[in-house]
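# A structural walkthrough
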Amino acid sequence: MSFSKKEIVIASSNNGKLAEFETFFQPFGIKLIPQRDLGIDDIEETGKTYIENAILKARNASKLSGLPAIADDSGLSVDFLNGQPGIYSARFSGPDCSDSENRALLLRQLKGVPYKQRKAKYHAMIVLLQHHQDPCPLISQGSWQGVIAEEEKGKLGFGYDSIFIIPQLKCHAAEIEITEKEKYSHRGQALRKLSKILSNLNVNA
């Protein structure tokens, strides 16, 4: 099996994700094309798991574009909330909500909860398809342990980054640049695993 395509459509409209993926794929000489540039809208995420949603998004983008496609599904699970918001992280406070609304809701639900009970984990699942009927998608995953802060801090990142404390760095995820963030983050871990897979498929970095 080999992977020789130099153009891949990415099934995401999230500018933060696009920036992280573009940084990763540059050394491979692979051009990422955002699905919105091809007139492809986000598909409804009807899966019950991260992997189901990632595959749904990748297959839709590949089918409509005729190109290989990559998609990720990611989310934040909070121990105190029994794993919520999980796969619903992007729409935690409603179907058309913003990141800030999601963060505000999470902070309200954790109001008064002590630091030791605010543990959380980011999850990322990445799927790469050579074509929309690909029976053997390339799959990688990563996770990132942290703690939910009591207030926001930092202007970088997206999603829940401004309230996600990185204990080993003693700062919030929204306080570090992309290149530094990728060393620790769930998506960075998943992308490094994907890099090893692509290297074994004769895609030279």
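Up top you'll find the structure we're talking about.
Structural notes, computed from the coordinates. These numbers were taken from a predicted model, which means no experiment stands behind them.

On to the overall build of the protein chain, then. Secondary structure summary: the protein chain contains 5 helices and 8 strands in total. Starting at the N terminus and walking to the C terminus, you meet the elements of the protein chain as β-α-β-α-β-β-α-β-β-β-β-α-α. Compactness check: the protein chain gives a C-alpha radius of gyration of 17 Å against a globular reference of 17 Å for 205 residues, within 12% of the reference. Principal-axis analysis of the C-alpha atoms places the extent of the protein chain at approximately 50 × 30 × 25 Å. Evaluated residue by residue, the protein chain yields a buried proportion of 49% over its 205 residues. Residue pairs in contact within the protein chain that sit at least 24 positions apart in sequence constitute 62% of those at least 6 positions apart. Here the protein chain has roughly 10400 Å² of accessible surface; of this, 49% comes from carbon and sulfur atoms. In the protein chain, 26 positive and 24 negative side-chain charges are present, and the distance between their average locations comes to 5 Å.

Looking now at the packing of aromatic side chains. Enumeration according to the criterion identifies 4 aromatic pairs in this entry. Here the aromatic rings of W144 and F164 are separated by 5.0 Å at their centres, their planes lie at 55°, and the arrangement is tilted. Highlighted residues: W144 in strand β6 (residues 138-148) and F164 in strand β7 (residues 164-166), separated in sequence by 20 residues. Among the residues examined, W144 registers a relative accessible area of 3% and is labelled buried. Using a relative accessible area of 0% as the deciding quantity, one classes F164 as buried. Among the aromatic residues, those joined into a ring-pair cluster are Y122, W144 and F164.

With that settled, the discussion passes to the side chain of R187. Summarising the element assignment, R187 is placed in helix α5 (residues 186-200). A polar contact is formed between the side chain of R187 and the side chain of E20, at a distance of 3.2 Å. Setting aside its immediate chain neighbours within four residues, R187 contacts K17, E20, F21, D72, S74, A124, I126 and F158.

Where helix α1 (residues 15-25) meets α5, the closest approach of the two axes is 11 Å, and the angle between their N-to-C directions is 30°. The interaxial crossing formed by α1 with α5 has right-handed handedness. Here K17, E20, F21, F24 and F25 of α1 come into contact with α5, specifically with R187, L191, L194, S195 and L198.

Cut-offs and rules
Residues numbered from 1 in each chain as written. Predicted model: local features only at pLDDT ≥ 70, side-chain atom pairs only at ≥ 80, totals over all residues. Heavy atoms only, no water. Helix = DSSP H or I, 4+ residues; strand = E, 2+ residues; numbered from the N terminus. Rg over C-alpha atoms; globule rule 2.2 N^0.38 Å. Buried < 20%, exposed > 50% of the residue type's maximum accessible area, 1.4 Å probe, protein only. Contact = heavy atoms within 4.5 Å. Areas by Shrake-Rupley, 256 points an atom, 1.4 Å probe, with all protein chains shown as cover. Lys, Arg positive; Asp, Glu negative; His and termini not counted. Charge placed at Lys NZ, Arg CZ, Asp CG, Glu CD. Phe/Tyr/Trp six-rings, centres within 6.5 Å; stacked < 30°, edge-to-face > 60°. Polar contact = N/O pair within 3.5 Å; in protein donor to acceptor, adjacent residues only side chain to side chain. Axes fitted to C-alpha atoms, helices over the stretch in contact; angles between N-to-C directions. Left-handed = near helix turned anticlockwise from the far one by under 90°.

Purely geometric stuff here, so don't read any function into it on its own.
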